[in-house]
Amino acid sequence: MLPIIRPRRIRKHKWIRDLVAQEQLLVQDLIYPLFITSGSNITSPINKMPGVFVYSIDKLLDEISKSINQGILAIALFPQIDNEFKTLDAHHSYSDDNLVCKAVRAIKQKFSDQVGVICDVALDPYTLHGHDGVLNTEMSDVDNDATLEILGKQALSLSRNGADFVAPSDMMDGRIRYIRSALDQNSFANIGIISYAAKYASKLYGPFRQAIGSKKIGESINKESYQMDIRNSKEALQEIELDVEESADIILIKPAIHSLDIIANTSSSIKIPVFAYQVSGEYVMNYLYSSSCDISFESVIIESLTCIKRSGARAIFSYAAPLVANFLKSNNRL
Ligand code: PBG
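In this report, the structure presented in the accompanying data block is examined. Note that this is a predicted model, so its numbers are computed, not measured.

### Thoughts on the overall build of the chain
A count of helical and extended segments in the chain gives eleven helices and ten strands. For the chain, whose C-alpha radius of gyration is 20 Å, the value lies close to the compact-globule estimate of 20 Å for 334 residues. Viewed in the frame of its principal axes, the chain has a C-alpha envelope of about 75 × 45 × 40 Å. Here the chain holds 334 residues, and 52% of them are scored as buried. As displayed, the chain offers around 15900 Å² of accessible surface, 51% of which is attributable to carbon and sulfur atoms. Side chains of the chain give 35 positive and 39 negative charges; the mean places of these two sets differ by 11 Å.

Take a look at the structure:
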């Protein structure tokens, strides 16, 4: 018996494949994370992440201007804080004069609302030890509730200086409600919260940690008492439900490619948008694979981003955003 149902019919030509395609990666799906440093006229490469740089604010503005021209809608900022400002109590995290606040002011002054600015709320760039919160008096663990107070102040200073969305990435309990009420009580009711609701304790954050100077590459820091255990998925769903109840506007999940089950489950079960973060280690994995097998980096990274979108992510943070935007523009059809 010959087959009567032949799924290959809709794969025969490019035009029909394009016509039936369920998902299409678009430049509007991308959020561009950017690293910033003090000083001026600096564009310096990030170790292990070819094509990714840390910028001083003047150069950052040039990079943002290019990405606006490419159609990128939003950026996320991550600071490399000078050692002199790192302390145990992370008080520089809520100074209006810190690098992120200065950068947001400069960006908003120059570009106004042409680009959305998302700012991380977490203490790791500002603590001496690189943890996302302050330690308890015994110095044995991150102190949840003491950290909340500082996160609240940090969210306020970011909002005061022009951030559109704050993105708590620290994984403390109760921080969405805490930050929401701090914002609401200080007339920032319109500043949104993108919650890193499901963030796993992953090995894939290494290049990022060295980029912001919180740890040298390969040097480990154990965040397992607050970031989630990779063996659990129900816990992720609980974290997400809690953050929705606590009034998060958008849910963010990371690492992306290791969390497709969580993205798929969440995007079908909750009503608010779900974003994903293709983290630094994922960028490196894609890059090394493409260079060692001589396959174009763009095609490899686009496959990864498209699959993340297919799993249900509405938008994706990616260090490759400008590269992908360029590729999508010149190859309107993949
Ligand atoms: C820290 C933070 C991390 C990332 C984003 N915010 C690292 C960490 O949790 O140690 C990782 C992003 C990446 O690897 O690209 N608050």
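### Brief notes about a positive patch on the surface
A surface patch of positive charge is lined by Arg6, Arg8, Arg9 and Arg11. Structurally, Arg6 can be placed in the segment before helix 1 (14–20).

### Focus on the pattern of salt bridges
For the coordinates displayed, the defined rule picks out 15 salt bridges. The partner of Lys309 in a salt bridge is Asp29, with the nearest N and O atoms 2.8 Å apart. Residue Lys309 is located in helix 10 (residues 297–310), and its partner Asp29 is located in the loop between helix 1 and strand 1 (30–37); the two are separated by 280 residues in the primary sequence. Residue classification places Lys309 among the buried positions, given a relative accessible area of 10%. Classification of Asp29 by relative accessible area gives buried; the value is 0%. The shortest N-O distance in the salt bridge between Arg160 and Asp96 comes to 3.2 Å. In this pair, Arg160 is assigned in helix 4 (residues 144–160) and Asp96 in the loop between strand 4 (74–79) and helix 3 (99–111), connecting sequence segments 64 residues apart. On the basis of relative accessible area, Arg160 is assigned to the partly exposed category, the value being 46%.

### Overview of the site of the ligand
Every one of the 17 residues lining the ligand counts as a neighbour, but Ser169, Arg209, Lys223, Lys254 and Tyr319 are closest to it. One of the side-chain nitrogen or oxygen atoms of Arg209 is found 2.6 Å away from an oxygen atom of the ligand. When the free accessible area of the ligand is taken as 400 Å², the share hidden by the protein chains comes to 100%. Here the ligand is seated within the largest cavity. Of the residues belonging to the shell around the ligand, the class tally is seven nonpolar, three polar and seven charged.

### As for helix 4
Between its terminal C-alpha atoms helix 4 stretches 24 Å, which fits the 24 Å expected from 17 residues at 1.5 Å a residue. In terms of residue burial, helix 4 counts as a mostly covered element, since twelve of its 17 residues are buried. Every buried residue of helix 4 is accounted for by Asn144, Thr147, Leu148, Ile150, Leu151, Gly152, Gln154, Ala155, Leu156, Ser157, Leu158 and Ser159. In this structure Asp143 caps helix 4, since a side-chain oxygen of it lies 3.3 Å from the backbone nitrogen of Asp145. Just downstream of helix 4, Gly162 is the residue with a positive phi angle, here 115 degrees.

### Digging into the side chain of Ser290
Mapped onto the elements of the fold, Ser290 is located in helix 9 (residues 280–293). Those residues in contact with Ser290 that sit more than four places away from it in its chain are Ile295, Ser296, Phe297 and Val300.

### Concerning the environment of Lys66
As for its position among the elements, Lys66 is in helix 2 (residues 57–70). The class for Lys66 is exposed, based on a relative accessible area of 53%.

Definitions and limits used
For every chain, the first residue of the written sequence is number 1, and numbering continues from 1 along that sequence. Note on the predicted model: pLDDT of at least 70 is required for a residue's local features to be given, and 80 or more for side-chain atom pairs to be given and counted; whole-chain, interface and lining totals, by contrast, use all residues. The basis for the side-chain values is all heavy atoms of the structure; hydrogens and waters are excluded. Secondary structure elements follow DSSP: runs of H or I no shorter than four residues count as helices, runs of E no shorter than two count as strands, and numbering proceeds from the N terminus. As a reference, a globule follows 2.2 Å times the number of residues to the power 0.38, and the radius of gyration itself is taken over C-alpha atoms. Per-residue accessibility, obtained with a 1.4 Å probe over protein chains only, is compared with the maximum for each type, and a residue is labelled buried under 20%, exposed over 50%, and partly exposed between these values. Note that accessible areas follow from Shrake-Rupley with a 1.4 Å probe, and for residues the cover is restricted to the protein chains shown. Note that His is not counted, nor are the chain ends; the positive residues are Lys and Arg, and the negative ones are Asp and Glu. By convention, charge coordinates are those of NZ in Lys, CZ in Arg, CG in Asp, or CD in Glu. Here, patches come from residues exposed beyond 30% relative accessible area and free of salt bridges, joined within 9 Å for like charges and within 5 Å for nonpolar side chains (Val, Leu, Ile, Met, Phe, Trp, Tyr). Counted as salt bridges are all cases of a side-chain nitrogen of Lys or Arg within 4 Å of a carboxyl oxygen of Asp or Glu. Here, proximity means that at least one heavy atom of the residue falls within 4 Å of the molecule or strand. Side-chain atoms alone can form a polar contact between residues adjacent in sequence; in general such a contact is a pair of N or O atoms within 3.5 Å, and within protein one must be able to donate a hydrogen while the other accepts it. Residues are called lining when one of their atoms sits within 4 Å of a cavity or pocket point, these points coming from a 1 Å grid over the protein atoms alone, where a cavity is a set in which a 1.4 Å probe fits but cannot get out and a pocket is an open set with protein on both sides within 12 Å along at least five of seven lines. Molecules are considered to sit inside a cavity or pocket once more than half of their atoms lie within 2 Å of its grid points. Residue classes follow a fixed rule: Ala, Val, Leu, Ile, Met, Phe, Trp, Tyr, Cys and Pro count as nonpolar, while Asp, Glu, Lys and Arg count as charged, and any other residue, Gly among them, counts as polar. Here, expected helix span is obtained from the residue count minus one, scaled by 1.5 Å. Whether two residues are in contact is decided by their heavy atoms: any pair within 4.5 Å suffices.

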